[in-house]
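Coordinate analysis (summary)
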Amino acid sequence: QVQLVESGGGLVQPGGSLRLSCAASGSIFSIYFMGWYRQAPGKQRELVVSLTSGGSTNLADSVKGRFTISRDNAKNTRYLQMNNLKPEDAAVYSCNARGNLVSRQPFISWGQGTQVTVSS
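1. Examining the pairing of strand 4 (residues 28–39)
Two elements, strand 4 and strand 9 (residues 91–101), share 10 bridges in a ladder whose sense is antiparallel. Among the inter-strand pairings, I28 is bridged to a residue of strand 9, identified as L101. Where strand 4 and strand 5 (residues 46–52) come together, six bridges link them in antiparallel fashion. Along strand 5, the bridge assignment pairs F33 with T52. If you look at the hairpin formed by strand 4 and strand 5, you'll find six residues sitting between the two strands, and G42 has a positive phi there, around 80°.

Following this line, the structure appears as structure tokens:
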């Protein structure tokens, strides 16, 4: 009922930048939370950054000062701008959205994930 499509991953050199996009579609009434998670091989998935409908942002300590999240409500799209990327940022990044459908039923949806590789 809700689809999240991510884009923007790829290979970048250390110090480089990438912008990930997460576009939501479907029978969406509202989105009150959207977060970007990442999981590297052999590690647990971690929340990188989140944004609530009220504008509250939460960033993992490891990305503060380098990553920012923004939104385009008209497009139901959230963006993750990643600057000064480090090798330890390499992971599969997935977006997660929580909200309510047009039917007012709650939903939680995940994107398919996009690979970010940081290497020289």
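2. Brief notes about the packing of aromatic side chains
Inspection of the entire model under this criterion finds one aromatic pair. Over the face of the ring belonging to W110 we find R45, whose NZ or CZ atom lies 4.1 Å from the ring centre.

3. Focus: the nonpolar core
The biggest cluster of nonpolar side chains holds 30 residues, and the ones touching the most others in it are L4, W36, F67, L80, M82 and Y93. Per element, the largest residue contribution to this core is five residues, and it comes from strand 9.

4. So, the side chain of S50
By the secondary structure assignment, S50 is in strand 5. By relative accessible area, which is 6% here, S50 ends up buried.

5. Here's the deal with the state of the cysteines
Per the counting criterion, the structure on display carries one disulfide. Note on cysteine connectivity: C22 is disulfide-linked to C95, with sulfurs 2.0 Å apart. Between C22 and C95, the disulfide has an S-S torsion of 65° and is therefore right-handed. Taken together, the residues span a long stretch of sequence, with C22 in strand 3 (residues 18–26) and C95 in strand 9 at a distance of 73 residues. Note on accessibility: C22 and C95 belong to one class, buried.

Each value, and the rule that gives it
- Residues numbered from 1 in each chain as written.
- Predicted model: local features only at pLDDT ≥ 70, side-chain atom pairs only at ≥ 80, totals over all residues.
- Heavy atoms only, no water.
- Pairing = 2+ DSSP bridges.
- Helix = DSSP H or I, 4+ residues; strand = E, 2+ residues; numbered from the N terminus.
- Phe/Tyr/Trp six-rings, centres within 6.5 Å; stacked < 30°, edge-to-face > 60°.
- Lys NZ or Arg CZ within 6 Å of the ring centre and 35° of its normal.
- Core = buried A, V, L, I, M, F, W, Y, C linked by side-chain atoms within 4.5 Å.
- Buried < 20%, exposed > 50% of the residue type's maximum accessible area, 1.4 Å probe, protein only.
- Disulfide = S-S within 2.5 Å.

Fair warning: the whole summary comes from geometry, so function is off the table for now.
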